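Inside the fold
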Amino acid sequence: MKILLMGNPNVGKSVVFSRLTGVNVVASNYPGTTVEFTRGTARIGGEKAEIIDVPGTYSLEPTSKAEEVAKDMLEQESPDVVIDVIDATALERNLFLTLHILERGVPVVAVLNMWDVAHRKGITIDIKKLSEMLQVPVVSTVAVTGEGIKGVVDTLSEVEDPVVRAPLSDDEKWKFIGEVTQIVQTIEHRHPSFLEKLEDASVKPLTGIPIALLIVSISFLIIRMLGEGLISVIGPFFELYYGPFITQIVESVIPSGLIHDLLIGTTSDFVESFGLLTTGLFVPFAMVLPYVFSFYLVLGVLEDVGYLPRLAVLVDNVMHRLGLHGSSIIPMVLGLGCNVPGILATRILETKRERFIAVTLMAVAVPCMAQNAVIIGLVGRYGLVYLGIVYGTLFIVYLGVGHFLNKILKGESPELFLEIPDYHIPNVYVLLKKTWMRMRGFLMEAVPFVLVGVFMVNILYIIGVIDFLAAAFAPLLERLLGLPQDAIVALLIGFLRKDMAVGMLEPLHLLPQQLVVACTVLTLYFPCIATFAVLLRELGVKDTARAVGIMMVTSLAVGGVLRILLEWVI
Amino acid sequence: MNVEISLADLHTSCGRVTRIEGGHGFKRHLACLGIRVNKKVCRVTAQPFRGPMVVEVDGTQIAMGRGMCRKIFVEVER
C-alpha cells in the first residue's frame, strides 16, 4: 500500500508523518518547512505501507518549486490512498485542496489536525456531517501529542473506492465549500488571548521592531552562553581524561612513526596536533557541536513558536533592496546553522532570480555554525571589537552583494505573500527531538568529513602537495591579505570543512587583525564541499560557476580592503 | 453609505471584498488563503515605506505586498 500525506502548508503533515512512521522529520510552525518529500513505512492493518510526506500546497496548480514537487508526487506515485491533512482552525480554505485531490479519483482520508487549537479558538466541527457531505472518512487529531493517530491508522485499513465525481470549476468548488462549512462548522467568539495580542504586537512596526531586536539579541546571547558553557565542560573532559587516555593507548602500541603521528600528532595540544584521534575528534565534538546544539535549540523554539514569518514581514522592505522579499529571511536563518538545509529552503521562493540571489548570498556571507565556531574560537578571545569587525564585514558584504545582484540581474523581486501562523507554545518533547535530529545530522556529516580532512592534510603534507600549493598561491595572497604562507594553506583546506581551518590557523599565532582577515576570507571565499554539492544540484553548472566567481572576487576584494583598513587603524 | 476602495487604502477596521484584479493564478492563490469576493477582510497593520500589509481573513493572518493590496477592492461604510 502506498500512502501520500498531502495538505496545505503548515497544517502539521510532517508531525503526522513522524507519528505514523516513527521516522523523524523536521517540522516547524511556518509554511514551507518541507520542501522535499520524505518516505517512511508503517504497519497498516497488518500490512506494510509506504508513507510519503509531501510538501504543502494550496492547490494542484503549483506556484513554487515545493508545490511542483507535491503535484508531481500525486501524479507519478499513483498512491492507493491520500491522507489529506486539514488545519481544523481553517477548514474552509483547506477543503479546496481536498476537492482537487478527490477529483483525481484517489481514495482520501481527511484528517482534521490541530483539533485542540480549534477547540481553544471556539471552533466546533461536526465530523460526521463533514464525512457525509464529502463522502470520505474524517478523523480528528492532535498530531503533536499523538491523539487520534490510532484512529487514522484504523481508518486507513478500511478505505473504500472513491465515489466518481464530476469536476467542478473553481467557483463551483468554493460555493460547495461554503455550503459545507455553513452546515458543519460553528464558531463561538472568544476574546483575544495574551498570545493573540502578542501576535499582533510583533508585526506592528512600532512594537514589532523593538520585539525583533530583543528576540534576535536574546537568541544570540543564549546561543553564545550555552555554547561556551558546554565547551567549558566538554573541553576539560578531552584535556583531562580523553587526551592522556588515548595518548597512552596509542603510544603503548605504536611508540612513534608515521601511524603514530597520523593518529595523535606530534604535540599534545588538541587543536594543533592534527591527529585523527585528537584534532579529528576534538574539533567537531568540543568546538563545533556545542554551538550546533545551542543554535538548533534556540532556532527550534523560534520555529515552533511561529516567530520567523513575522520577522519576514518586518524585514521585507530591506530584502526588496537585495532583490528578495521577506520570506527569504527564513532560509537565511536556517543557513546560520548549516548552509545545506538553508539552500534547500530557498525552494519556498517563487522565481529563479530570487533563488539565485538568496543562494549566492548565503554561500558568500552567511556563516554556518562550523564557521561561527571557528570565528568565535579564534577571534572571540581578543574581545567583542574584533568579533564585531568580522560580523560587521559579513553583514556589509551581504547587503552589498545583494544590492549589486539586484541591480545587474534582469527582473523584479515578487511581492511578499505569506500566511502568518498563530503562535504556539512549543511542545518540549517535539522540540528536543528535532534538536537531537539536527545534531545527529551534523555529527553524521561533520565527523567523517573532518576525519577524512585531517587524514588528507597529513598525507598532503607528507607528499609535499601542501608546500606546493602554498608556494603557488602565497605570493599573491600574502601581499593581498597580509597572511603568512601557512595561513593560506588553511584557507585552501577550508574547502573540505571550514572548521578544520581552525586547527591549521591556531598554531600560527597570528595577530588579531590577521585572524580577522583570515576568518572573514574563510567565510566568504568558497562554500565547503557539502554546500558546493548542493549548490550544483540546485543551481546547475552555469549558475554555480557564476556564484563561485562572485565569491572569489568578493572574498579577495573584501580581504584586501579589510587588511589595509586594519593596518591603517591599528 | 458604502464606498469601494482598494485594500491598500483601508486604514482602519474591515471591509468586504468586492472584486479582485489580476490574472487567474493570482486570484486563485488569494482564494486559497481565504481572500475571495464577499469575504470580510480586516487590516491588522502595515509596514512603513509602502512595505507589506498584514490582513486577517477568517481568523488567519496574511502578509501581502502593497502592490497586491492595490488589486483587491473592498467595500466599506462611510
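These figures come from a predicted structure and were not determined experimentally.

Below, the discussion takes up the interface of chain B and chain A. Tallying the contact residues gives 31 residues for chain B and 27 residues for chain A. Roughly 2,600 Å² of surface becomes buried between chain B and chain A when both sides are summed, with 54% attributable to carbon and sulfur atoms. When the area that chain B buries against chain A is broken down by residue, the three leading residues are Arg28(B), Cys32(B) and Gln61(B), summing to 25%. Where chain B meets chain A, there are three salt bridges. Residue assignment for the side of chain B that touches chain A shows that the elements contributing at least two residues are α1 (24-32), β3 (40-46), β5 (60-64) and α2 (66-69) of chain B.

For the rest of this paragraph, the subject is the domain arrangement of chain A. Many authors give the size of an interface as the accessible area that is lost as the parts come together. Residue and element names in this part refer to chain A. Partitioning chain A into structural domains gives domain 1 (2-190) and domain 2 (205-569). If you look at the interface, domain 1 gives 24 residues, while domain 2 gives 27 residues. In total, about 2,100 Å² of surface goes out of reach between domain 1 and domain 2, with carbon and sulfur atoms giving 54% of it. Across the contact surface, domain 1 and domain 2 share two salt bridges. Two residues, Glu419 and Arg93, come together in a salt bridge whose shortest N-O distance is 2.7 Å. Connecting domain 1 to domain 2 are three residue pairs in polar contact (both at pLDDT 80 or more). The residue inventory of the side of domain 1 that touches domain 2, partitioned by class, reads 11 nonpolar, eight polar and five charged.

We now examine the pattern of salt bridges. All names here are of chain A. Applying the stated criterion across every chain, the model contains 28 salt bridges over all chains. Here Lys71 ties to Glu75 by a salt bridge, and the two come within 3.7 Å at their closest N and O atoms. In this pair, Lys71 and Glu75 both sit in helix α2 (residues 65-77), four residues apart, roughly one turn of the helix. Between Arg224 and Glu228 there is a salt bridge; the shortest N-O distance is 3.0 Å. Here the residue Arg224 and the residue Glu228 both occupy positions in helix α9 (residues 205-253), the gap between them amounting to four residues, near one helical turn. According to the relative accessible area criterion, Glu228 is partly exposed, its value standing at 36%. Connected through shared salt-bridge partners, Lys2, Arg39, Glu50 and Glu77 make up one network.

Once that is clear, we can look at the sheet that holds strand β4 (residues 81-87) of chain A. What links the strands of a sheet is backbone hydrogen bonding, and the strands pair in either a parallel or an antiparallel sense. Residues and elements named next belong to chain A. Strand order in this open sheet of six strands is β2-β3-β1-β4-β5-β7, and the pairing throughout is mixed. The strands lining the two open edges of the sheet, one partner per strand, are β2 (38-44) and β7 (138-140). The mean angle between the axes of side-by-side strands here comes to 25 degrees, regardless of whether they run parallel or antiparallel. Bridge analysis of β4 against strand β5 (residues 108-113) gives six bridges, and the strand direction is parallel. Considered in β5, the bridge of Ile86 is made with Leu112. Sitting on the sheet, α2 touches β1 (2-7), β2, β3 (47-53) and β4, and the angle it makes with β1 is about 155 degrees. Each of β5 and β7 is contacted by helix α5 (residues 127-134), which is oriented at about 150 degrees to β7, the strand it contacts most.

Residue and element names in this part refer to chain B. On average, residues of chain B carry a pLDDT of 91, and 100% of them reach 70 or more. For chain B, per-element mean pLDDT is lowest for α1, which scores 87, and highest for strand β4 (residues 53-57), which scores 94. Among the prediction metrics, the complex's ipTM stands at 0.93, with pTM recorded as 0.89.

The subject of this paragraph is the side chain of Gln47(B). Of note, Gln47(B) is situated in the loop between β3 and β4. Residue Gln47(B) is classed as buried on the basis of its relative accessible area of 4%. Reaching out from Gln47(B), the side chain makes a polar contact with the backbone oxygen of Val203(A) at a distance of 2.7 Å. What Gln47(B) contacts, discounting residues up to four positions off in sequence, is Val203(A), Pro205(A), Val313(A), Leu314(A), Pro52(B) and Arg66(B).

Bringing a nonpolar patch on the surface into the picture now. All names here are of chain A. Nonpolar side chains collect at one region of the surface, where Leu258, Ile259, Val452, Phe455, Met456, Ile459, Tyr461, Ile462 and Ile463 lie side by side and expose about 820 Å² of accessible area between them. Elements represented by at least two residues in the nonpolar patch include exactly α10 (258-264) and α18 (428-463). Ranked by residues supplied to the nonpolar patch, first place goes to α18 with seven residues. Its location among the elements puts Tyr461 in helix α18. Look at Tyr461 and you get partly exposed, because its relative accessible area is 38%.

Attention shifts here to the environment of Val44(B). Checked against the element boundaries, Val44(B) lands in strand β3. Through-space distance from the C-alpha of Val44(B) to that of Gln61(B) is 8.1 Å; in sequence the pair is 17 residues apart. Leaving out residues up to four positions away in the same chain, Val44(B) has contacts with Asp200(A), Val203(A), Lys204(A), Val54(B), Val55(B), Glu56(B) and Gln61(B).

All names here are of chain A. Counted at 1.5 Å a residue, the expected span for helix α12 (residues 308-321) with its 14 residues is 20 Å, and the 20 Å between its end C-alpha atoms agrees. The sharpest bend along α12 comes to roughly 60 degrees, located at Val315. Every buried residue belonging to α12 is among Leu308, Pro309, Arg310, Leu311, Ala312, Val313, Leu314, Val315, Asp316 and Met319, and all of these are buried. One or two steps after α12, the chain reaches Gly323, where phi turns positive at roughly 80 degrees.

Moving on: unusual backbone geometry. All names here are of chain B. The phi torsion at Asn38 lies on the positive side, around 80 degrees, for a residue other than glycine. With a relative accessible area of 54%, Asn38 lands in the exposed category. The backbone of Phe49 sits at a positive phi, close to 55 degrees, despite the residue not being glycine. Examined against the element boundaries, Phe49 turns out to sit in the loop between β3 and β4.

What counts as what
Note on numbering: residues in each chain are counted from 1, in written sequence order. Numbering of ligands from 1 and lettering of chains from A proceed in the order in which they are written. Totals for whole chains, interfaces and linings use all residues, but because this is a predicted model, local features are given only for residues with pLDDT of at least 70 and pairs of side-chain atoms are given and counted only at 80 or more. Hydrogens and water molecules were not included; the side-chain quantities draw on all heavy atoms of the structure. Whether two residues are in contact is decided by their heavy atoms: any pair within 4.5 Å suffices. Accessible-area loss on putting two parts together, using a 1.4 Å probe and summing over both, is the definition of buried area adopted here. Salt bridge, as applied in this entry: a Lys or Arg side-chain nitrogen positioned within 4 Å of an Asp or Glu carboxyl oxygen. Helical segments are the DSSP runs of H or I of at least four residues, strand segments are the runs of E of at least two, and each set is numbered from the N terminus. An automatic or database domain assignment supplies the residue ranges for each domain. Counted as a polar contact is a pair of N or O atoms within 3.5 Å, where, for protein atoms, one must be capable of donating a hydrogen and the other of accepting one, and residues adjacent in sequence contribute only when both atoms are in side chains. When residues are grouped by polarity, Ala, Val, Leu, Ile, Met, Phe, Trp, Tyr, Cys and Pro land in nonpolar, Asp, Glu, Lys and Arg in charged, and all others, Gly among them, in polar. Here's how the labels work: a residue is buried when its accessible area is under 20% of the maximum for its type, exposed when over 50%, partly exposed in between, all with a 1.4 Å probe on protein chains only. Note on pairing: two strands pair once DSSP finds at least 2 bridges between them. An axis is simply a line fitted to the C-alpha atoms; with a helix, the fit covers only the stretch in contact. Between two such axes, the angle follows the N-to-C directions and lies from 0 to 180 degrees. For every residue, the predictor assigns a confidence score, pLDDT, that lies between 0 and 100. Residues form patches when they are more than 30% accessible in relative terms and have no salt bridge. Like charges link within 9 Å. Nonpolar side chains (Val, Leu, Ile, Met, Phe, Trp, Tyr) link within 5 Å. Method for areas: the Shrake-Rupley scheme with a 1.4 Å probe, in which residue coverage is limited to the protein chains shown. Under the convention used throughout, the expected extent of a helix is 1.5 Å for every residue step, that is, one less than its residue count. Bending is quantified residue by residue as the angle between axes fitted to the seven-residue window ending at that residue and the seven-residue window starting at it.

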